[in-house]
Amino acid sequence: MAMSMSSSSPPSPPLPPPAAASDVAGTDILLSLLPEILDDILTRLLLKEVVRTCCLSRGWARRWESASGLDVRFRGFYSAGAVAGVLARCAAPVASFDIEVRPRLRPRAAYWLRALAEKRGRSLQLAFGSSRTDEPGVFPGVGRAIYARAELSNLYLRYCELPRPPPPQPGQGSLFAGFPRLTRLALNSVKLPFAGAGAPDLADLLLVDVITGVVAGGEKKVEEEEPEAWAIRAPKLHSLTLWTPAVDNGCRVAGELPLLNAANISVDAFLGTEDFLDTLAGFACEGAQVLCQRQG
């Protein structure tokens, strides 16, 4: 007797329902990373890219505001409101603040410096743009809030006039009381109203067309008067660049520089004077490589 058997394959399991669009949008691998790893990623991006992450999803809407260590940089065209908004929302500390100040935004610089005091940034680059309407020898003023940045280790200023610094604290002597932790200082076309500056940890110093002789209140010293001598005191200095303007600005180097490796000096006004020769002799005694040239 012939028998036949029929077999059928087991039924396929039911397919899962399609995922809702909201569930897909809510899946974000980056947001599942540890906060410190995500912060490290954000700090490697340009500022505009960091801010644009707020458009990725609802979870990213304000994530950049909690990332510390951002490099806040504004160049070219930007609005004063954009700068104020970023400074109000970014987390402290910021790594740096770097801005080119257009002439019409000069009055806002003092406000930005006051806002920066709470961000505890260690690097500040403030470059003012010049205008055809500027009077010769008159520079934009920098607010006293700049001296509230005691944590600064890197400072670059261009085309501006510094106010008088606060008096040194007990035990500081004649140190540059406003920036006690500086390791790098660069001044380009800057007016100084004080007669001496010192920084115990300064390693890199650049002075280009630095002008002195401005008294309290912003009044200009009579041009016929002798320049007020002012001294650089930086015992840990490794590199010095000194380019003087067409007139003697009173700059002198005081004290020993045992760690100086290189000095780039471009002078005209006091080439061959006793002060200049004494300065060069001091560099030579320290064994530094000195490149000296006369302007013009």
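In this text, all values refer to a predicted model and were calculated from it rather than measured experimentally.

A. Highlighting the overall build of the chain. A tally of helices and strands in the chain yields 6 helices and 13 strands. Burial status across the chain gives 39% buried among its 296 residues. Sequence separation of 24 or more characterises 61% of the internal contacts of the chain that already satisfy a separation of 6 or more. Accessible area of the chain: about 16900 Å², with a carbon and sulfur share of 56%.

B. How the structure looks around the pattern of salt bridges. A complete count under the given rule lists 11 salt bridges for this structure. Close ionic contact of Glu65 with Arg89 constitutes a salt bridge, the shortest N to O distance being 2.5 Å. Taken together, the residues span a long stretch of sequence, with Glu65 in the loop between helix 3 (47–52) and strand 1 (71–74) and Arg89 in helix 4 (residues 80–89) at a distance of 24 residues. As a salt-bridge pair, Asp98 and Arg75 come within 2.8 Å of each other at their nearest N and O atoms. Pair noted here: Asp98 is in strand 2 (residues 96–101) and Arg75 is in the loop between strand 1 and helix 4, with a separation of 23 residues, a long-range link. We classify Asp98 as buried; its relative accessible area is 9%. It is possible to trace a salt-bridge network through shared partners that takes in Arg73, Arg75, Asp98 and Glu100.

C. Representation of the side chain of Lys119. Along the chain, the position of Lys119 falls in the loop between helix 5 (106–116) and strand 3 (123–128). This buried residue, Lys119, is left without a salt bridge; Glu118 holds the nearest opposite charge, at 5.6 Å. In terms of polar contacts, Lys119 uses its side chain to reach the backbone carbonyl oxygen of Leu87, at 3.0 Å.

D. Up close: unusual backbone geometry. In this structure, the amide linkage connecting Ala92 to the following residue, Pro93, adopts the cis form with an omega of -5 degrees. For Pro93, the location among the structural elements is in the loop between helix 4 and strand 2. Phi angles above zero are rare outside glycine, and Ser189 is one such case at about 55 degrees. As for its position among the elements, Ser189 is in strand 5 (residues 184–192). Positive phi is not limited to glycine here, since Asp209 has a value of about 50 degrees. Within the secondary structure layout, Asp209 lies in the loop between strand 7 (204–208) and strand 8 (211–212). The exposure class of Asp209 is partly exposed, given its relative accessible area of 31%.

E. Quick peek at the pairing of strand 7. Looking at chain direction, strand 5 and strand 7 are connected through 5 bridges and run parallel. Residue pairing for strand 7: Leu185 is matched across the bridge by Leu205. In terms of strand pairing, strand 7 meets strand 10 (residues 239–243) through 5 bridges, oriented parallel. Each bridged residue has a counterpart across the sheet, and for Leu205 the counterpart in strand 10 is Leu240.

F. Just the pairing of strand 1, in detail. Across the two faces of strand 1 the burial differs, with Val72 and Phe74 buried and Asp71 and Arg73 not buried at all. Pairing of strand 1 with strand 2, which is carried by 4 bridges, proceeds in the parallel orientation. Bridging across to strand 2, Phe74 finds its partner in Ile99. Between strand 1 and its parallel partner strand 2, the chain crosses via helix 4, and the hand of that crossover is right-handed.

G. Just the nonpolar core, in detail. In terms of nonpolar packing, the biggest core is built from 61 residues, with Ile99, Trp112, Ile146 and Leu157 touching the most fellow members. The leading source of residues in this core is helix 5, at 5 residues. Once residues within four sequence positions are removed from consideration, Ile146 is found in contact with Leu113, Leu124, Leu157, Leu162 and Phe179.

H. Quick peek at the environment of Leu260. As for its placement among the helices and strands, Leu260 is situated in the loop between strand 11 (251–253) and strand 12 (262–267). The sequence separation of Leu260 and Leu237 amounts to 23 residues, and the corresponding C-alpha distance is 5.5 Å.

I. Representation of the side chain of Arg63 in the model. Along the chain, Arg63 falls in the loop between helix 3 and strand 1. Setting aside residues no more than four positions away along its own chain, Arg63 makes contact with Leu31, Pro35, Leu38, Asp39 and Leu42.

J. Up close: the environment of His238. Tracing the chain through its elements places His238 in the loop between strand 9 (230–233) and strand 10. Classification of His238 as partly exposed rests on a relative accessible area of 34%. Here the alpha-carbon distance between His238 and Leu202, two residues 36 residues apart in the chain, equals 8.3 Å. If we ignore the near neighbours within four places in the chain, the residues touching His238 are Ala203, Leu259, Leu260, Asn261 and Ala262.

Cut-off values and rules
- Residues numbered from 1 in each chain as written.
- Predicted model: local features only at pLDDT ≥ 70, side-chain atom pairs only at ≥ 80, totals over all residues.
- Heavy atoms only, no water.
- Helix = DSSP H or I, 4+ residues; strand = E, 2+ residues; numbered from the N terminus.
- Buried < 20%, exposed > 50% of the residue type's maximum accessible area, 1.4 Å probe, protein only.
- Contact = heavy atoms within 4.5 Å.
- Areas by Shrake-Rupley, 256 points an atom, 1.4 Å probe, with all protein chains shown as cover.
- Salt bridge = Lys/Arg side-chain N within 4 Å of Asp/Glu carboxyl O.
- Lys, Arg positive; Asp, Glu negative; His and termini not counted.
- Polar contact = N/O pair within 3.5 Å; in protein donor to acceptor, adjacent residues only side chain to side chain.
- Pairing = 2+ DSSP bridges.
- Right-handed = clockwise from strand over helix to strand, strands pointing away.
- Core = buried A, V, L, I, M, F, W, Y, C linked by side-chain atoms within 4.5 Å.

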